[in-house]
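Each chain, written out:
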Amino acid sequence: MLRTPFEEELEKLHNQFYAMGTEVAAQLKKSLRAFISHDLELAKEVIENDEIVNNYETKLEKKSLELIALQQPVSSDLRTVITALKASSDVERMGDHAVAIAKATIRIKGESRMTDIETEIKKMGKAVRHMVEEALEVYLNGDEERAYEIAASDEIIDNYFRDIQAMTVEGVRENPDAAFAAKEYIQVLVYLERIGDYARNLCEWVVYLKSGKIIEL
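Bear in mind that the values here come from a model prediction, so they are computed numbers and not experimental data.

Caption draft 1: The packing of aromatic side chains, seen in detail. What the rule picks out here adds up to three aromatic pairs. Between Phe17 and Tyr139, the ring centres sit 4.5 Å apart and the planes meet at 35 degrees, which makes this aromatic pair tilted. One end of the pair, Phe17, is in helix α1 (residues 5-37); the other, Tyr139, is in helix α5 (residues 115-141), with 122 residues separating them in the sequence. As far as burial versus exposure is concerned, Phe17 and Tyr139 are alike and both buried. Centre to centre, the rings of Phe35 and Tyr185 are 6.2 Å apart; their planes meet at 80 degrees, and the pair counts as edge-to-face.

Here's what the structure looks like:
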């Protein structure tokens with residue numbers, strides 16, 4: 001079956017989105033590893049590579065606007081293009097937060113730390129990474145039912161946030177010398193929680209594309 005020029009261009013758009021999502025997932029993995037292992041060089045690499053993610057978003061935006069202007073899609077086709085445009089913005093913000101975690105790694109170097117808190121942050125980071133990877137996959141294959149399931153897992157991330165934040169506050173009471181590290185831990189928790197929110201957004205875009213609904217949990 002021959003595909004229309006619009007379908008071919010739409011596939012290119014999806015391929016660009018996949019490449020961008022893959023890059024951001026890799027950046028997140030590196031930034032978390034750098035933070036937990038105190039690897040300054042890896043943290044610097046994440047910061048330097050932020051430009052790659054920004055370039056992907058610029059290309060996606062250009063491709064989306066070209067499709068709208070030249071192909072003049074209507075109805076569901078137009079919704080698909082606009083959704084890709086908005087979803088790429090969510091993914092770019094995930095990349096920004098991965099960079100913010102890398103910068104926290106550099107700031108915290110040489111400070112008194114709390115290894116038990118870092119162990120919990122590692123667990124939260126793993127859960128966030130898993131949610132991001134699942135959300136990207138769901139977006140690409142358009143699985144509406146799975147999108148609801150992954151969106152609901154954001155509650156797990158929120159629970160980690162509350163529990164580790166409470167642990168951090170208690171840790172500073174017991175070890176005031178770790179106050180600077182505690183401030184950075186809480187910032188990293190905020191970044192991770194927001195990345196989870198953006199992953200949920202991707203799931204919401206899937207549901208919107210398939211049924212025009214907004215997820216309500």
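There is more to say, and it comes next.
Caption draft 2: Highlighting the side chain of Thr80. Here Thr80 is to be found in helix α4 (residues 75-107). Residue Thr80 is classed as buried on the basis of its relative accessible area, which comes to 15%. Apart from residues no more than four positions distant in its own chain, Thr80 is found in contact with Leu10, His14 and Leu209.

Caption draft 3: Spatial organisation of the pattern of salt bridges. Following the criterion strictly, the structure yields 14 salt bridges and no others. Between Glu134 and Arg146 there is a salt bridge, with its nearest N and O atoms 2.3 Å apart. Of this pair, Glu134 sits in helix α5 while Arg146 sits in helix α6 (residues 144-152), and the two are twelve residues apart along the sequence. For Glu134, a relative accessible area of 17% corresponds to the buried category. Two residues, Lys183 and Glu184, come together in a salt bridge whose shortest N-O distance is 3.2 Å. The exposure class of Glu184 is buried, given its relative accessible area of 0%.

Caption draft 4: Inspection of the side chain of Thr83 at higher detail. Following the sequence through the fold, Thr83 ends up in helix α4. By relative accessible area, Thr83 is classed as buried at 0%. Every residue in contact with Thr83, bar those within four places of it in the chain, is listed here: Tyr139, Trp205, Tyr208 and Leu209.

About the cut-offs
Residues numbered from 1 in each chain as written. Predicted model: local features only at pLDDT ≥ 70, side-chain atom pairs only at ≥ 80, totals over all residues. Heavy atoms only, no water. Phe/Tyr/Trp six-rings, centres within 6.5 Å; stacked < 30°, edge-to-face > 60°. Helix = DSSP H or I, 4+ residues; strand = E, 2+ residues; numbered from the N terminus. Buried < 20%, exposed > 50% of the residue type's maximum accessible area, 1.4 Å probe, protein only. Contact = heavy atoms within 4.5 Å. Salt bridge = Lys/Arg side-chain N within 4 Å of Asp/Glu carboxyl O.

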